[in-house]
Structures are given as C-alpha cells and as structure tokens.
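# Coordinates in review
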Amino acid sequence: MPAINQSACGKAILLGEHAVVHGEGAIAIPLSSRRIKVRVEPKILTPDSKIQVIAPDLGINQEYTDLPEQHPVFQAVRLTLIELNITQTPSCTLLVTSTLSFGSGLGSSAALAVATIRALSEFLGHPLPTNTVNRIAYECETYIHGNPSGIDNTVVSNEKPLYFQKSQGFEFLSAGRAFNFILADSGISKSTRESVASVAGQLAESPIEVQSKLTQIGQVVEQGKQAFLNGDIMGLAAAMNQNQQLLTAIDLSCPELDQLIKTALEAGALAAKLTGGGRGGHMLALVEDSKLPLVYESLQQASSGRAFTTTVGNQS
Ligand code: MEV
C-alpha cells in the first residue's frame, strides 16, 4: 500500500450562521488556500493493527482509539472503517498538518473529518465519493458540535460556494462578480457547541423575540443571495451588515470581534461581520479592490498579523 495524501479546505459562513441550525437558509464559501492535510503511511516493517495519529499542531501522538469520542479524527476513522466494512484495523500512521487555524470559526473540525475520511478510504483501496464523504463528515460533526446544521461539512467536502437549508439540502452558487474578503482572527477560541446551545437556550426562554431575529436573518440571507448571484456588491454588503446586527442582538459577538469590525469599516470595508459560531473566532469583511491594501494592513495590525484575503467569483 503506497502512502496517500489528501486535504480539505476551510470555510467561512458568508450569511446565516446559527439561523441555519433552526431551518433558515445560509451561504458558505470555501477557503481553498487554508487546508488540513492528512497523510496515511503503511507501517510496513512493524505491522500491529493499530492506527497511530500524529498531529503536532494539536499536540497529538497516540493511537486513534485513545482519542476522545468527540475528536473528529476518532469519529472519521471509526466511521470510515464501518462504512467500508473493515473489521481488522489497518497498520498505519495518520499524519495531520494544517494551514488552517483550529477552533476559530473556519470549519477545522469538518476539514479534519473530510481529509481523514478521504485519505483513509483511499489508503484502504476504496476512495469514497463526495456525497458519502459529506454524509460521514456530518455524522462526525454531530459528535463534535451536538446539533450541526450540516453546512460546514457540505461546503468543505464540495469546496464550492453554496446556499444551504436543512430541509432542502444545498445548491451551488455562482458569484455574479469577483468579491474580495478579508478574514481576521480575534484570537479568542470559542466552542461552536456552546454558542449553538446558547441560541437554543435563548429560543426556549424568549421564543417570540429570538425566533423573530432568526426569521429576519433568514430574510437577510435571501437578499444577500440575490446580491451575490447578481454581482451586486452594495446589496451583499447591506445584507452582511444587517446580519451582524441581528447576530449581536442574540449575543453572538464579543468585544474583540466588535473591535475588528470597527477597524475594518473605518479603514473602508463595505461590510464586516462575525463568521461561524461567533463569540470569538474570525471576522469576515467585504472589501472593494481599491480599499484592499489599506483594510488588510489595518486588520493585520489589529489582529497581530492574523489576517488573510480570499476572493470568490471570477478569479477563484
Ligand atoms: C458554524 O460554522 C455554523 C453554525 O451555524 C453551526 C451550524 O450551522 O452547524 C454556528
């Protein structure tokens, strides 16, 4: 068995995070330049029917069965072996490296699951098709996030911009023009499981008020979707800014994200919002070509060098 290399991209939620868990639509974009790589190597000289997981960025060097049940690699390996009806654990090493930061709202758990499922299934001689990879990665996400909508695993496994709704599935979106985004890390790592549970708690406590915010987010997503398809940058910016106000109203922002958003807007971004689980993680700003250098420089300073750009549309 030769060594196998596979990878999966990160993602950013453009519009609709959290509301998507409660049935509204949302839009996500892939971050193709930020990836998690998984290399599977056979233990040729010392076969032991064990899978050793080595992930230096995560401080992991142990057998996969010793990983916590909520770890994406544990679930991805376990579920891939079940999918392929493999009862004898193969003797191999699974090496994880990454250019995507972990636990910062960019879909690292979905990317880790997708890259692991792809690499291991190919190593075992049965590379799984994207829809199967997506289904298994969703199951992994249920162990990690508790109640995931399914948008993260869907955009990561398909690596294309898409509109997602729990009851309807997804549709790929073709941007009407090139849109530039800058992402900047607040430096705060927060659990998506906890922020999703917090929204569910608020919904149980104040159903009318919170449901109204989620419904409004759904409406903003529909407006943003049309703007995205039509290449209407001002329409998309308006949707992103309204989305941020609604997310703030359900307590999903935090002072560090608010500061990055202020920095982006003051430097000339058309819109800026949190992306993903919120209360930390990354901020996403929409920026016209002419303003890119200034906004990027300002966000680099404000995030201690943890900003990067991505483009969706023509050039992506
Ligand atoms: C996380 O990237 C997006 C959330 O909406 C959770 C989910 O959709 O599963 C916060």
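What counts and how
- Residues numbered from 1 in each chain as written.
- Predicted model: local features only at pLDDT ≥ 70, side-chain atom pairs only at ≥ 80, totals over all residues.
- Heavy atoms only, no water.
- Axes fitted to C-alpha atoms, helices over the stretch in contact; angles between N-to-C directions.
- Helix = DSSP H or I, 4+ residues; strand = E, 2+ residues; numbered from the N terminus.
- Left-handed = near helix turned anticlockwise from the far one by under 90°.
- Contact = heavy atoms within 4.5 Å.
- Nonpolar A, V, L, I, M, F, W, Y, C, P; charged D, E, K, R; others polar.
- Pairing = 2+ DSSP bridges.
- Buried < 20%, exposed > 50% of the residue type's maximum accessible area, 1.4 Å probe, protein only.

At a closest axis distance of 9 Å, the pairing of helix α1 (residues 72-83) and helix α2 (residues 108-123) adopts a crossing angle of 35 degrees. Seen along the crossing, α1 lies across α2 with a hand that is right-handed. Each of Pro 72, Val 73, Ala 76, Val 77, Thr 80 and Leu 81 in α1 lies in contact with α2, whose residues at this interface are Ser 109, Leu 112, Ala 113, Thr 116, Ile 117, Leu 120 and Ser 121. Here the contact of α1 with α2 is built from residues that sort into 9 nonpolar, 4 polar and no charged.

Moving on, we come to the sheet that holds strand β10 (residues 282-287). Sheet architecture is open: 4 strands sit in the order β9-β10-β8-β11, paired in antiparallel fashion. The open sheet has two edge strands with one neighbour each: β9 (271-274) and β11 (307-312). On average, adjacent strands in this sheet sit at an angle of 25 degrees to one another, irrespective of strand direction. Across 6 bridges, the pairing between strand β8 (residues 179-185) and β10 is antiparallel. When the bridges of β10 are listed, Phe 181 appears paired with Leu 286. Packing of helix α8 (residues 255-266) onto the sheet brings it into contact with β8, β9 and β10, and relative to β9 it is tilted by some 170 degrees.

Okay, the pairing of strand β3 (residues 51-55) next. Only one face of β3 is covered, namely the one carrying Ile 51, Val 53 and Ala 55; the face carrying Gln 52 and Ile 54 has none of its residues buried. As paired elements, β3 and strand β4 (residues 60-63) share 4 bridges and run antiparallel to each other. Along β4, the bridge assignment pairs Ile 54 with Asn 61. The hairpin formed by β3 and β4 contains 4 residues between the paired strands, and Gly 59 there has a positive phi angle of roughly 65 degrees.

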